[in-house]
Amino acid sequence: MMMPSSSNIPFNPKGDPDFAGVNLQFHDTSTVSGKSTPRKPLHKEEKSDTTSWVVPTSTKAIRAVNPVTFAFNRLADKVKLGSQRSDGKDPISLANGDPRSASDFGPCTEAIKASVHSMMRDAQQSLGYANACGISSVRKAIAEHHSYAEHRIEASNVIVTNGCSGALELAFSALLDPGCGVLIPQPSIPMYEMMAESVGATVIKYRLRMDCNWECDLDFLHTAMQHCGDKIRAIVLNNPSSATGAVFSQLHIVQLLEFARIYRLPIIADEVFGDMTYAPAQFFPIAQVAAQLGRQVPVITATGLSKQLLIPGWRAGWVTFHDNVHGSLRDLQAGAIRLAELGPGVSTLTQCAIPQLLSKSNEGLNGWKSRLQTSLERQIVFLMTKLSMCDGLVPMAPQGTYYTMVQIKYTVLGMDDWEFASRLLDEENLIVLPGSAIGAPNNAFRISFHLPQRSLYEATTRLYNFCKRHATERREAMDTLIDFAMI
């Protein structure tokens, strides 16, 4: 996007502004110099030609396209209330990403208590303005939370943001320019691609291998760097994966860090689900593993409280800068701070609750997390049992988050992901997210399992009936073809 540089308007001897000598300098290759074409004002008796008056939108806004919105819009017209259907089935969504909109589990009471306590303890701080990068004591608590025995970070390495998405946007904005590239996983949430493309960067999509627990395709990554590595600025890693529910092993993280070291790539680590994992999977922060390996690779971590505490509406997120031994993030961090200062900062009421919610000695919070973990693990056992009974479906047990991918056997059901999702909605009023909408192969779909138990039971029952019906129809059709061929 062309951005004019700031320019002081000169004045003539009479004190009137003199626009004749003004040059509008743009940061691309164009320069508008000399006299501009005057814009003629309308007289009172003249009528405005409204058909030719269209206010243009920015290039950044035009580039911002969300493929998931497109996917939902494509299915939205098919959704009907039970009263509008002959079978009376109300719609159920297994594609909902908001944990609070459909969950049986109550809100995090400790988060509410922390917010009220902070307001009562220091109303001036919790209700007033704060530094755009965050309240000093809050940044210090976050830095302590993300410090490890091998390397500690300071409050100055932390910027509090409007949710994890705000942290990611800040990192992308500070790092990317038009024409440069960034490595983004597929499948993944579409926000990465939107943010990169909105600033004019090129997205290089790398594959997560379904046959290897959704690990990164390292062969492809090496090939990509050998062909266009001089233009690639960073690699994005999402662990635990918001798209698949997979969790990287420590060994795989070591492999990814070695890849980043070889090609001198900083890592943008989206770790918003953090410790929300299920045994035997274990979460290893990428910055911690990098520190254990001698801090050869700089890591920018984006995370927050929204997903793990089921409080997405609080918009409590942050970005932390874990530099390497060479100080490679020095300029980038300074740039991110300048960008953060363009905005008003995050709600101080939300910020003031963060230190208490990061405290490892908060027994009430630890108990709440344990109960949530138990509840979600029960949901997983139920879901995997029901899905394994569905003809033509191969469930993939999640290792973290509250999402999972389900594979569709084309040989059994004869459908790709879009046809499956569309016909499932038509026949059962059940919504799933086609895998290809988030970059997965077209033989899979994603579902969320944080629904109330009764809704999850009804949803899986509908799935079972749908798959049984179509698997039977396909078998009968194939048998008819075989019989016809033998005549």
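Our structure is the block above this text.
None of these values were measured; they are calculated from a predicted model.

(A) Layout of the overall build of the protein. Within the protein, the secondary structure is distributed over 17 helices and 16 strands. Here the contacts in the protein between residues at least 6 apart in sequence split such that 70% fall between residues at least 24 apart. Here the protein displays about 24,700 Å² of accessible surface, and carbon together with sulfur accounts for 54% of that area.

(B) Focus on helix 10 (residues 250-262). Under the 1.5 Å per step criterion, the end-to-end length of helix 10 is 19 Å for 13 residues, consistent within 8% with the ideal 18 Å. Taken together, the buried positions of helix 10 are His252, Ile253, Leu256, Leu257, Phe259 and Ala260. All buried residues of helix 10 project into a common sector of 155° when viewed along the axis, lining one side. Elements in contact with the buried residues of helix 10: strand 5 (181-186), strand 7 (215-216), helix 9 (218-228), strand 8 (232-238), strand 9 (267-270) and helix 11 (286-292). Immediately downstream of helix 10, the backbone of arginine 264 shows phi near 55°, a positive value.

(C) Structural view of the packing of helix 9 against helix 10. Where helix 9 contacts helix 10, the two axes come as close as 11 Å, and the packing angle between them is 10°. Viewed along their axes, helix 9 and helix 10 adopt a mutual orientation that is roughly parallel. Here helix 9 contributes Leu218, Leu221, His222 and Met225 to the contact with helix 10, which in turn contributes His252, Gln255, Leu256 and Phe259. By residue class, the composition of the contact of helix 9 with helix 10 is five nonpolar, three polar and no charged.

(D) Spatial organisation of the sheet that holds strand 16 (residues 444-448). Within the open sheet, the four strands sit side by side as 12-13-16-15. Their pairing is antiparallel. Of all the strands in the sheet, just strand 12 (393-395) and strand 15 (433-434) have a single pairing partner and so form its edges. Relative to strand 13 (residues 403-408), strand 12 is paired through three bridges, and the arrangement is antiparallel. When the sheet's bridge partners are listed, leucine 393 is paired in strand 13 with isoleucine 408. Here helix 14 (residues 363-388) sits on the sheet and contacts strand 12, strand 13 and strand 16; the angle it forms with strand 12, its principal contact strand, is near 155°.

(E) Structural detail: the packing of aromatic side chains. Considering all chains together, one arrives at seven aromatic pairs under this definition. Residues phenylalanine 420 and phenylalanine 466 carry aromatic rings whose centres are separated by 5.3 Å and whose planes lie at 85° to one another, so their mutual orientation is edge-to-face. Taken together, the positions of phenylalanine 420 in helix 16 (residues 417-428) and phenylalanine 466 in helix 17 (residues 453-486) put the pair 46 residues apart, joining distant regions of the chain. The two residues phenylalanine 420 and phenylalanine 466 agree in class, both being buried. What links up through ring pairs into an aromatic cluster is the set Phe273, Tyr402 and Tyr403. Taking the ring centre of tyrosine 403 as reference, the NZ or CZ of arginine 446 above it sits at 4.0 Å.

(F) Structural context of unusual backbone geometry. The linkage connecting asparagine 239 with the following residue, proline 240, adopts the cis geometry, with an omega of -10°. With respect to the element layout, proline 240 can be found in the loop between strand 8 and helix 10. Residue proline 280 is bonded to the preceding alanine 279 through a cis peptide linkage, with omega at 5°. With phi around 60°, tryptophan 214 is a residue other than glycine that occupies positive phi space.

(G) Examining helix 4 (residues 109-121) more closely. Look at helix 4: 18 Å from first C-alpha to last across 13 residues, which is about the 18 Å you get at 1.5 Å a residue. Of all the positions in helix 4, only Glu110, Ala111, Ala114, Ser115 and Ser118 are classed as buried. Here the buried residues of helix 4 occupy an arc of 140° about the axis, which is enough to place them on one side. Within helix 4, the exposed residues directed more than 90 degrees away from the buried face are Lys113 and Met120.

(H) Representation of a nonpolar patch on the surface in the model. A cluster of nonpolar residues, Ile112, Val116 and Met120, forms a patch on the protein surface that exposes about 310 Å² of accessible area. Mapping isoleucine 112 onto the fold places it in helix 4.

(I) Structural context of the sheet that holds strand 9. Read across the sheet, eight strands follow the order 4-11-10-9-8-5-6-7 without closing on themselves; strand pairing throughout is mixed. Edge strands, defined here as strands with exactly one partner in the open sheet, are strand 4 (158-162) and strand 7. Two strands pair when backbone bridges link them, and strand 5 and strand 6 (residues 202-209) are joined in this way by six bridges, in the parallel orientation. Looking at strand 6, one finds that isoleucine 184 is bridged to lysine 205. Contacts from helix 6 (residues 136-145) reach strand 4 and strand 11 (316-322) within the one sheet, and its direction differs from that of strand 4 by about 105°.

Calculation rules
- Residues numbered from 1 in each chain as written.
- Predicted model: local features only at pLDDT ≥ 70, side-chain atom pairs only at ≥ 80, totals over all residues.
- Heavy atoms only, no water.
- Helix = DSSP H or I, 4+ residues; strand = E, 2+ residues; numbered from the N terminus.
- Contact = heavy atoms within 4.5 Å.
- Areas by Shrake-Rupley, 256 points an atom, 1.4 Å probe, with all protein chains shown as cover.
- Expected span 1.5 Å × (residues − 1).
- Buried < 20%, exposed > 50% of the residue type's maximum accessible area, 1.4 Å probe, protein only.
- Arc of directions from axis to C-beta.
- Axes fitted to C-alpha atoms, helices over the stretch in contact; angles between N-to-C directions.
- Parallel < 35°, antiparallel > 145°, perpendicular 65-115°, else oblique.
- Nonpolar A, V, L, I, M, F, W, Y, C, P; charged D, E, K, R; others polar.
- Pairing = 2+ DSSP bridges.
- Phe/Tyr/Trp six-rings, centres within 6.5 Å; stacked < 30°, edge-to-face > 60°.
- Lys NZ or Arg CZ within 6 Å of the ring centre and 35° of its normal.
- Patch = residues over 30% accessible without salt bridge, like charges linked within 9 Å, V, L, I, M, F, W, Y side chains within 5 Å.
- Salt bridge = Lys/Arg side-chain N within 4 Å of Asp/Glu carboxyl O.

Interpretation note: all reported values are geometric properties and have no functional meaning in isolation.
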